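The residues making up each chain are set out below.
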Amino acid sequence: PMVNIQRLTRQSAARRPFSYSKSHCWQYDIRLNNREQDLIDAGLTSEEAATIKVQDLTFRFVDKGDTGICKRIVQFIRRHEWLGTMPLHPTHRFIAEHKGLLAGVIIFSMPTAFSKLLGEKTKDLERLISRGACVSWSPKNTASALLMSAIDWMVRNTQFRLFTCYADPEARELGVIYQSCN
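This text gives an overview of the structure that appears in the document. Since we're looking at a predicted model, the values are computed, not measured. Per chain, residue numbering runs from 1 following the sequence as it is written. Since the coordinates come from a predicted model, pLDDT governs what is reported: local features require at least 70, and pairs of side-chain atoms require 80 or more to be given and counted, while whole-chain, interface and lining totals use all residues. The basis for the side-chain values is all heavy atoms of the structure; hydrogens and waters are excluded.

## A look at the overall build of the protein chain
Basically, it comes down to this: Numbering of helices and strands runs from the N terminus; a helix is a DSSP stretch of H or I covering at least four residues, while a strand is a stretch of E covering at least two. Buried, partly exposed and exposed residues are distinguished by accessible area as a fraction of the type maximum, computed with a 1.4 Å probe on protein chains only: under 20%, between the cut-offs, and over 50%, respectively. Contacts were defined at the residue level, with two residues in contact if any of their heavy atoms lie within 4.5 Å. All accessible areas in this document rest on Shrake-Rupley with a 1.4 Å probe, and a residue is counted as covered only by the protein chains that are shown.
Across its full length, the protein chain holds 5 helices and 6 strands. Overall, the protein chain shows an N-to-C arrangement of helices and strands of β-α-α-β-α-β-β-β-α-β-α. Looking at the protein chain as a whole, 45% of its 182 residues qualify as buried. Sequence-distant contacts in the protein chain: of pairs separated by 6 or more residues, those separated by 24 or more amount to 71%. For the protein chain, the computed accessible surface area is about 10000 Å², with 53% contributed by carbon and sulfur atoms.

This is the structure we're talking about:
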């Protein structure tokens, strides 16, 4: 599989402020701001959350026909993902769970414009990693483990082999998760 990181330079819709100047990325700021309520919603203490490891999570694909979990995914993205919206054409959804609680979500979609990285047939092989977030109590490395699990599932179960993703410098994103996954 191949991942292509691109940097956004245009204004995106949704929750973006006119300017963001904190020393950390906006996505991390959401985690900080949601922490107290996330723990309450999960029925966890900070101490209990600190004991959860990536190995304790279950990673899985969610079929679009599973409307109950799909509704939970939409709510999760609205609360935890910095854009706060679903992509226009979602095609594949993946979750990380801990004892039935959503710990992370990644959504693949059709790109709004296909790249030409693999020639004219790129459109038959490409999907956009368009949304992703983890709840504030999720263990370190949840995002990269979920992403790698999702890409592995895509390679084993679909024809897709090229995964394009974006990092937005205006939100102080560097694509660290994508880079850590190579």
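## Focus on the layout of surface pockets
To be explicit about the condition: With a 1 Å grid spanning the protein atoms alone, the term cavity applies to any set of points in which a 1.4 Å probe fits but cannot get out, the term pocket to an open set with protein on both sides within 12 Å along at least five of seven lines, and the term lining residue to any residue with an atom within 4 Å of a point. Grid points are joined across faces, edges and corners, and a volume is the space filled by probe spheres set on the points. Nonpolar residues are Ala, Val, Leu, Ile, Met, Phe, Trp, Tyr, Cys and Pro. Charged residues are Asp, Glu, Lys and Arg, and all others, Gly as well, are polar.
When its volume is computed, the second largest pocket comes out at roughly 250 Å³. Contributions of two or more residues to the lining of the second largest pocket are made by α1 (26-42), α3 (67-80) and β4 (101-109). At 5 residues, α3 tops the list of elements feeding residues into the lining of the second largest pocket. Of the residues in the lining of the second largest pocket, the class split is 6 nonpolar, 2 polar and 4 charged.

## Side note on the nonpolar core
Spelled out, the test is: Working definition of a nonpolar core: buried Ala, Val, Leu, Ile, Met, Phe, Trp, Tyr and Cys residues. They are joined through side-chain atoms within 4.5 Å.
Counting residues in hydrophobic clusters, the biggest one holds 33 residues, and the most contacted among them are I73, V105, F108, I129 and W137. Looking at this core, the elements with two or more residues in it are α1, α3, β3 (90-98), β4, β5 (126-134), α4 (142-157) and β6 (162-167). Core analysis: the second largest hydrophobic core is formed by 5 residues, Y20, W26, I30 and L83 among them.

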